[in-house]
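An overview of the molecular structure
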Amino acid sequence: MRLPDPSTARVPGPWAHRDVSANGIRLHVAELGEGPLVLLLHGFPEFWWSWRHQLVAIAEAGYRAVAVDLRGYGDSDKPPRGYDGFTLAGDVAGLVKALGEPRAHLVGHAWGGMLAWTVGAMHPRLVYSVTAVSAPHPLALRRAIRRHPRHQGRASAHLFRFQLPMYPERWLTKDGGAAVAGLLGAWGGPKWTVSPEFDEVVRRNREAVLVQGVAHSSMEYFRWAVRSQLRGDGRRFAEAVDRRLEVPVLQVHGALDPVMLQTTASDSGIWTGARSSFQVVPEVGHFPHQEAPQTTSRIVTDFLAKV
């Protein structure tokens, strides 16, 4: 089977596509609007396109909205290494500088949200605010898995399945990326999975995971997250992010999220700064920005206006 070209990630729209060099790699971004920078960081199993609704809404609200393909995804570089928390945070920090801005509002979903928390702690001078969508603080998630194995531990079981060598990549790409459709269906809310848009979401994300190197790169995020717990770099990472953020934090969470439980996300409060808030979106699963785009965009833009 012929694999999709990475350029298929450059979905046309009102945004402009370009490449930016940051932290020693090339990152593909889609951007729209003018004003203060809002950097959108996607999760798994997605790519920049998951922010298509917010790109438009945030730009219309008077901001420069930029959605990036993270390292290893879409049309960004896919180097063999660099999927640890320190390097990934360096990618985001480097991107803010490469875009010519002194600071950015960071908006991240799932893995992207974890990175937003991390950059807020490690590179606070580059951050105006942090918005974490379906993304508890990294240490809140770690503690919840250890203390509540039957709840958050069970919900995060995929973290441990992805530790196997080779098999997860084959599973993700088998039958044209059918596993991606299964993940989106299992993690999304019931209303979204029967919506007219869902078929296109599945099609584009299945195609995106089939791009050469994406399946392996995406698994490396999870492998580092788990394996580093027993190593010195994991301890150093925990020490680096174990601080209350100096900037306002918005947490947006789906009431029906089966992957990152609402109780885990709410336990992140000890790391949030002043003027922070926690918003729950009803009848929504793990993908609020796609399942309820208008509601999520309104919550985010209202928060940005107050910052």
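Right, let's walk through the structure included here. Quick caveat, the model's predicted, so the values are computed rather than measured. (Residues numbered from 1 in each chain as written. Predicted model: local features only at pLDDT ≥ 70, side-chain atom pairs only at ≥ 80, totals over all residues. Heavy atoms only, no water.)

1. So, the pattern of salt bridges
If you walk through the whole model with that rule in mind, you get 14 salt bridges. One salt bridge in this structure joins D19 and R10, with 2.5 Å as the shortest N-O distance. We classify D19 as partly exposed; its relative accessible area is 37%. A relative accessible area of 25% means that R10 is categorised as partly exposed. Salt-bridge contacts for D19 lead to R26; the nearest nitrogen and oxygen are separated by 3.1 Å. Three or more residues joined by partner-sharing salt bridges are found here, namely R10, D19, R26, D75 and D77. (Salt bridge = Lys/Arg side-chain N within 4 Å of Asp/Glu carboxyl O. Buried < 20%, exposed > 50% of the residue type's maximum accessible area, 1.4 Å probe, protein only.)

2. Describing the nonpolar core
In a soluble, globular protein the nonpolar side chains are often hidden away together inside. Residues L39, L40, F44, W48, L95 and L172 are the most contacted members of the largest nonpolar core, which totals 97 residues. Tallying contributions element by element places helix 3 (residues 111-122) first for this core, with seven residues. Setting aside chain neighbours within four positions, we find L95 in contact with V20, A22, L27, V29, L39 and V68. (Core = buried A, V, L, I, M, F, W, Y, C linked by side-chain atoms within 4.5 Å. Helix = DSSP H or I, 4+ residues; strand = E, 2+ residues; numbered from the N terminus. Contact = heavy atoms within 4.5 Å.)

3. A few points about the packing of helix 1 (residues 52-60) against helix 14 (residues 293-306)
Contact pair helix 1 / helix 14: the axes reach a minimum separation of 10 Å and the direction vectors enclose 40°. Put simply, helix 1 runs oblique to helix 14. Regarding helix 1 and helix 14, the two cross each other, and that crossing is right-handed. For the pair helix 1 and helix 14, the contacting residues are H53, Q54, A57 and I58 in the first and P293, T296, S297, V300 and T301 in the second. Broken down by class, the residue content of the contact of helix 1 with helix 14 amounts to four nonpolar, five polar and no charged. (Axes fitted to C-alpha atoms, helices over the stretch in contact; angles between N-to-C directions. Parallel < 35°, antiparallel > 145°, perpendicular 65-115°, else oblique. Left-handed = near helix turned anticlockwise from the far one by under 90°. Nonpolar A, V, L, I, M, F, W, Y, C, P; charged D, E, K, R; others polar.)

4. Focus on the packing of aromatic side chains
Going through the model one piece at a time under the given rule, you end up with 16 aromatic pairs. Judged by centre distance (5.2 Å) and plane angle (75°), the ring pair of W111 and Y221 falls under edge-to-face. In this pair, W111 sits in helix 3 while Y221 sits in helix 10 (residues 214-227), placing the two residues 110 residues apart along the sequence. By relative accessible area, Y221 is classed as buried at 0%. (Phe/Tyr/Trp six-rings, centres within 6.5 Å; stacked < 30°, edge-to-face > 60°.)

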